[in-house]
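As a plain string of letters, each chain reads:
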Amino acid sequence: MATATKREPGELFGPRLALFADVLAVGLATAAASLPLLTAPAAMSTACAVLDRRVRQDAPATAGGYVRALRSRLRPGDLLAGAGLLAGGALLLFNALAAGAGLPGAAVFRPALYAVAGLLAVVLLRACARPESATSWRAALRPAAYEAVSRPRASAVLLLAVATAAVCAWAYPPLAFLVPGPLAIAARATEHHL
């Protein structure tokens, strides 16, 4: 597929910046769609699909296209996945607070907790990037967990993307509204190339 290298008259971004602009716009839309928290898995899965279509078919990522794709993906299973994500996050937070409050063995427990949190983040992002997430989270989670362990190079790249996103959001909190886009494209890229 040959891509254009010159800007068309009236075009805001040149072709080289168009993907970057779409990634940031999809990231912002995903952050907005994730605000109810229960919709976060469906929003991230939609972001992965929209950006994959943008890269593979050169289809523009529009707000209307994102909303239509998200509406078609929102189903009771997505809300259940969101509830599971919230429960898992609350459990990790409780354990982190317990380790910080002087839990016996915290020196060993804290690094193990970080490792588990990192592995869960990789598995969840891989599940969002799988096409099966559009119909069944169970069907997406099983191969995602297997690939997280069987393809350590791709998992390490995805973990680095998560760590970079976390540091960026920590250093400059407004960036938290943009990081879902780069995480979504990183998840799709690791599914295809590493």
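Above this text you will find the structure in question.
Residues numbered from 1 in each chain as written. Predicted model: local features only at pLDDT ≥ 70, side-chain atom pairs only at ≥ 80, totals over all residues. Heavy atoms only, no water.

Novice: Could you give an account of the overall build of the protein, with specific residues and numbers?
Specialist: For the protein, the helix and strand inventory stands at 8 helices and 0 strands. Reading the secondary structure of the protein in the N-to-C direction produces α-α-α-α-α-α-α-α. Here the protein has a C-alpha radius of gyration of 18 Å; the compact-globule value for 194 residues is 16 Å, and the two agree. Each principal axis of the C-alpha distribution contributes one length, and for the protein these read about 65 × 35 × 35 Å. Of all 194 residues assigned to the protein, the portion counted as buried reaches 35%. For the protein, the proportion of contacts with a sequence separation of at least 24, taken over those separated by at least 6, is 67%. (Helix = DSSP H or I, 4+ residues; strand = E, 2+ residues; numbered from the N terminus. Rg over C-alpha atoms; globule rule 2.2 N^0.38 Å. Buried < 20%, exposed > 50% of the residue type's maximum accessible area, 1.4 Å probe, protein only. Contact = heavy atoms within 4.5 Å.)

Novice: Before we move on, could you go through the packing of helix α2 (residues 40–57) against helix α3 (residues 63–73) and cite the residues and values that matter?
Specialist: In contact at an axis separation of 9 Å, α2 and α3 are set at 130° when each is read in the N-to-C sense. Put simply, α2 runs oblique to α3. As for the relative orientation of α2 and α3, their crossing is right-handed in sense. From α2, Ala 42, Ala 43, Ser 45, Thr 46, Ala 47, Ala 49, Val 50 and Arg 53 reach across to α3, where they touch Tyr 66, Ala 69, Leu 70 and Arg 73. (Axes fitted to C-alpha atoms, helices over the stretch in contact; angles between N-to-C directions. Parallel < 35°, antiparallel > 145°, perpendicular 65-115°, else oblique. Left-handed = near helix turned anticlockwise from the far one by under 90°.)

Novice: Which residues make up unusual backbone geometry, and what values go with them?
Specialist: A negative phi angle is the norm for most residues apart from glycine, just as the trans form is the norm for most peptide bonds. The phi angle at Leu 37 is positive, at roughly 70°, despite the residue not being glycine. On the accessibility criterion, Leu 37 (47% relative accessible area) is partly exposed. Despite not being glycine, Asp 58 has its phi angle at roughly 55°, a positive value. Examined against the element boundaries, Asp 58 turns out to sit in the loop between α2 and α3. On the accessibility criterion, Asp 58 (44% relative accessible area) is partly exposed.

Novice: Describe in detail the state of the cysteines, supporting the description with residues and values.
Specialist: Should the sulfur atoms of two cysteines be covalently bonded, the bond is a disulfide. Across all of its chains, the model carries 0 disulfides by this definition. Cysteine Cys 168 shares no disulfide, and the gap to the nearest cysteine sulfur, in Cys 48, comes to 18 Å. By relative accessible area, Cys 168 is classed as partly exposed at 32%. (Disulfide = S-S within 2.5 Å.)

Novice: Before we move on, could you go through helix α5 (residues 106–129) and cite the residues and values that matter?
Specialist: The end-to-end C-alpha distance of α5, which contains 24 residues, comes to 34 Å, matching closely the 34 Å that a straight helix rising 1.5 Å per residue would cover. Taken together, the buried positions of α5 are occupied by Ala 106, Leu 113, Gly 118, Val 122, Val 123, Leu 125, Arg 126, Ala 127, Cys 128 and Ala 129. (Expected span 1.5 Å × (residues − 1).)

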